[in-house]
Amino acid sequence: EQALAGAPGAVGRTVLLAEDDAGLRQLAERVLQSAGYRVLVAPDGAGALEESRAHAGPIDLLVADVVMPRLGGLELARQILAERPRTRVLMMSGYAQDSRAAAALANVPFLAKPFSPAELLAAASAAINAP
């Protein structure tokens, strides 16, 4: 885990993580926290929207699964961006066809599952620091 510490630009940044798979959600939360991100966590899109609305500070990055119960990742991203236009978005999915759906949100990066901790951190850092 020591090698993961200190993703570029992570310290002081807040990530909202929405993932319905409990094991993957916990792993991603640990990986992001170990790199210095503050992580808000939700088991689905509706929960993530509630977390966003309850959080007073900025949310720098939304990391969301495309397919989730109650509210899917694409609709979640649309709602978050409507309320927080400066938030960056990183979509993830284990289904290849979802990468095309994520592309419907202009310039939204896509992370295919399964991914390694290093791949998650690289994708998160790239999404947050994109011009």
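As shown above, the structure is provided for reference.
Residues numbered from 1 in each chain as written. Predicted model: local features only at pLDDT ≥ 70, side-chain atom pairs only at ≥ 80, totals over all residues. Heavy atoms only, no water.

Student: How should the overall build of the protein be read in this particular structure?
Tutor: In terms of regular secondary structure, the protein is built from five helices and five strands. Listing the helices and strands of the protein from first to last along the sequence gives β-α-β-α-β-α-β-α-β-α. Considering the protein as a whole, with its 131 residues, one finds that 48% of them fall into the buried category. Partitioning the intrachain contacts of the protein with sequence separation of at least 6 by distance along the chain shows that 66% fall at a separation of at least 24. (Helix = DSSP H or I, 4+ residues; strand = E, 2+ residues; numbered from the N terminus. Buried < 20%, exposed > 50% of the residue type's maximum accessible area, 1.4 Å probe, protein only. Contact = heavy atoms within 4.5 Å.)

Student: Help me out: how do you make sense of unusual backbone geometry in this one?
Tutor: With an omega dihedral of -5°, the bond running from Lys113 to Pro114 counts as a cis peptide bond. At Arg70, a residue that is not glycine, the phi angle is positive and equals roughly 70°. Counting through the fold element by element, Arg70 comes out in the loop between strand E3 (61-65) and helix H3 (73-83).

Student: For this particular structure, what's the right way to read the pattern of salt bridges?
Tutor: Side chains carrying opposite charge are able to pair once their charged atoms draw close together. In total, this model carries five salt bridges according to the counting rule given. Put simply, Arg53 and Glu83 hold a salt bridge, and the shortest N to O gap is 2.5 Å. Of the two residues, Arg53 sits in helix H2 (residues 45-54) while Glu83 sits in helix H3, which places them 30 residues apart along the sequence. With its nearest N and O atoms 3.0 Å apart, the salt bridge here joins Lys113 to Asp65. Of the two residues, Lys113 sits in the loop between strand E5 (110-112) and helix H5 (117-128) while Asp65 sits in strand E3, which places them 48 residues apart along the sequence. Here Lys113 and Asp65 have matching classes, each one buried. One continuous salt-bridge network, built from bridges that share partners, spans Glu19, Asp65 and Lys113. (Salt bridge = Lys/Arg side-chain N within 4 Å of Asp/Glu carboxyl O.)

Student: Hey, could you run me through the sheet that holds strand E4 (residues 88-93) in this one?
Tutor: What links the strands of a sheet is backbone hydrogen bonding, and the strands pair in either a parallel or an antiparallel sense. Strand order in the open sheet formed by five strands is E2-E1-E3-E4-E5, and the pairing between neighbours is parallel. The sheet is open, and its two edges are formed by strand E2 (38-42) and E5, each paired on a single side. Between one strand axis and the next, the sheet turns through 20° on average, direction left out of account. Bridge count between strand E1 (residues 14-18) and E3: four bridges; the pairing is parallel. (Pairing = 2+ DSSP bridges. Axes fitted to C-alpha atoms, helices over the stretch in contact; angles between N-to-C directions.)

Student: Could you clarify how one ought to interpret the packing of H2 against H3 in this entry?
Tutor: To describe two helices that pack against each other, one gives the angle between their axes and the distance between the axes. At a closest axis distance of 10 Å, the pairing of H2 and H3 adopts a crossing angle of 15°. Relative to H3, H2 is oriented roughly parallel. Handedness of the H2/H3 crossing: right-handed. Facing H2, whose interface residues are Gly45, Ala48, Leu49, Ser52 and Arg53, H3 presents Leu76, Gln79, Ile80 and Glu83. (Parallel < 35°, antiparallel > 145°, perpendicular 65-115°, else oblique. Left-handed = near helix turned anticlockwise from the far one by under 90°.)

Student: How do you make sense of the nonpolar core when you look at a structure like this?
Tutor: Within soluble globular proteins, side chains that are nonpolar generally end up buried alongside one another. Ranked by size, the top nonpolar core spans 22 residues in total, and within it Leu32, Tyr37, Leu61, Val63, Leu90, Leu111 and Leu120 carry the most contacts. For this core, the secondary structure elements donating two or more residues are E1, helix H1 (22-34), E3, E4 and H5. When residues in this core are grouped by element, the largest group, six residues, is from H5. Excluding residues within four positions of it along the chain, Val63 makes contact with Val15, Leu16, Leu17, Ala18, Leu90 and Met92. (Core = buried A, V, L, I, M, F, W, Y, C linked by side-chain atoms within 4.5 Å.)

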